[in-house]
Amino acid sequence: MRFLTAMFLTLTPVTAVADALCDELWLTRNTVFDRAGYCFGSELGKSVFDNSDCTTSSPKLSAEDELIVAQVREVEDEFSCAVDTSRQSLDVDYVDQRRALADLPVRTGYESACLGYDGPALLMTAGRHPDTAFFGEIVPGDNIDFGYITVDGMEFIDMGDGRMGWVGGLLFSPKVCAGGMAG
């Protein structure tokens, strides 16, 4: 998978990859604000989020939410993100599923992979806490891409096929990656 990712990056203009990353970061940051009651004014904000339950243009964020926003902005700055908010859609797969996550992940912009996972099946949850909903499963043979900030020992995994979620205690090594590790 890492070879395919490298090949994809070789054949894809860097701006297209950065645009998809920036769109995902924009979605994460603005999901935090949406959950805090923010009323969106941009075309993109109004098309992605439902303003019918908004309450403010200056929401109060929790310390955890402020940290997420700061992490997102740091990555956005690193990759010089400038999302065009006059458009009406994002280049992000599974937007509704991402917005339904209990705990929002922050992409780093740097990918790693475990090729040919050969460990036990792992459940992915909607959040970092054990009481959050089941959101997917990693099974032997999967190629696992990860590139999100690890929080409290929990790793966010996006399988690229709709399966995504938080997994705790992942220790990827050549022992459980039959095809090797990349990244």
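Because the structure is predicted, anything quoted here is derived from the model rather than measured. (Residues numbered from 1 in each chain as written. Predicted model: local features only at pLDDT ≥ 70, side-chain atom pairs only at ≥ 80, totals over all residues. Heavy atoms only, no water.)

Kindly report on the overall build of the protein, identifying the contributing residues and their values.
When helices and strands are counted, the protein shows five helices and seven strands. Order of helices (α) and strands (β) in the protein, N terminus to C terminus: α-α-α-α-α-β-β-β-β-β-β-β. Residues classed as buried in the protein amount to 43% of the 183 residues present. If you take every contact in the protein between residues at least 6 apart in sequence, the share linking residues at least 24 apart comes to 67%. Accessible surface for the protein amounts to roughly 9600 Å². Of this, 55% is attributable to carbon and sulfur atoms. (Helix = DSSP H or I, 4+ residues; strand = E, 2+ residues; numbered from the N terminus. Buried < 20%, exposed > 50% of the residue type's maximum accessible area, 1.4 Å probe, protein only. Contact = heavy atoms within 4.5 Å. Areas by Shrake-Rupley, 256 points an atom, 1.4 Å probe, with all protein chains shown as cover.)

Let's hear about the nonpolar core: which residues, and what values?
Counting 29 residues, the largest nonpolar core has L25, W26, V48 and L90 as its most contacted members. Counting residues per element, this core draws most heavily on helix α2 (residues 14-35), at seven residues. In contact with L90, other than residues within four places in its own chain, are D23, W26, L27, L44 and V48. Membership of the second largest hydrophobic core comes to eleven residues, among which are L122, M124, V167 and C177. (Core = buried A, V, L, I, M, F, W, Y, C linked by side-chain atoms within 4.5 Å.)

Explain empty space enclosed by the protein residue by residue, including any values.
For the coordinates displayed, the defined rule picks out one cavity of 30 Å³ or more. Empty space within the largest cavity amounts to approximately 60 Å³. What lines the largest cavity is simply E24, L27, T28, T31, R98, R99, L101, L104 and P105. Put simply, the parts of the chain that give the lining of the largest cavity at least two residues each are α2 and α5 (95-99). Looking at which element gives the most residues to the lining of the largest cavity, the answer is α2, with four residues. Tallied by class, residues from the lining of the largest cavity come to four nonpolar, two polar and three charged. (1 Å grid on protein atoms, 1.4 Å probe; cavity = no way out; pocket = protein on both sides within 12 Å on 5 of 7 lines; lining within 4 Å. Points joined across faces, edges and corners; volume = space filled by probe spheres on them. Nonpolar A, V, L, I, M, F, W, Y, C, P; charged D, E, K, R; others polar.)

Lay out the sheet that holds strand β7 (residues 177-182) with the relevant residues and their values.
Strand order across the open sheet formed by three strands is β4-β1-β7, with antiparallel pairing between neighbours. A strand with exactly one partner marks an edge of an open sheet, and here the two such strands are β4 (144-148) and β7. Pairwise comparison of adjacent strand axes, ignoring direction, gives a mean angle of 20 degrees for this sheet. Judged from the four bridges that link them, strand β1 (residues 107-117) and β7 form a sheet pairing that is antiparallel. Paired with A113 across the strands is A182, a residue of β7. (Pairing = 2+ DSSP bridges. Axes fitted to C-alpha atoms, helices over the stretch in contact; angles between N-to-C directions.)

Hey, could you go over the state of the cysteines for me, with residue numbers and the actual values?
Counted under the stated rule, the structure contains three disulfides. The side chain of C39 participates in a disulfide bridge whose partner is C54; the two sulfur atoms lie 2.2 Å from each other. Measuring the twist about the S-S bond at about 100 degrees, one finds the C39-C54 disulfide to be right-handed. In this pair, C39 is assigned in the loop between α2 and α3 (43-48) and C54 in the loop between α3 and α4 (63-78), connecting sequence segments 15 residues apart. (Disulfide = S-S within 2.5 Å.)

Can you explain the packing of aromatic side chains? Please cite residues and give values.
Tallying each qualifying case throughout the model produces seven aromatic pairs. Ring plane angle 85 degrees and centroid distance 4.8 Å describe the contact between Y38 and F40, whose orientation is recorded as edge-to-face. Consider the rings of F79 and Y110, whose centres lie 5.6 Å apart with planes at 55 degrees: the pair is tilted. Here F79 is found in the loop between α4 and α5, whereas its partner Y110 is found in strand β1, with 31 residues between them in sequence. (Phe/Tyr/Trp six-rings, centres within 6.5 Å; stacked < 30°, edge-to-face > 60°.)

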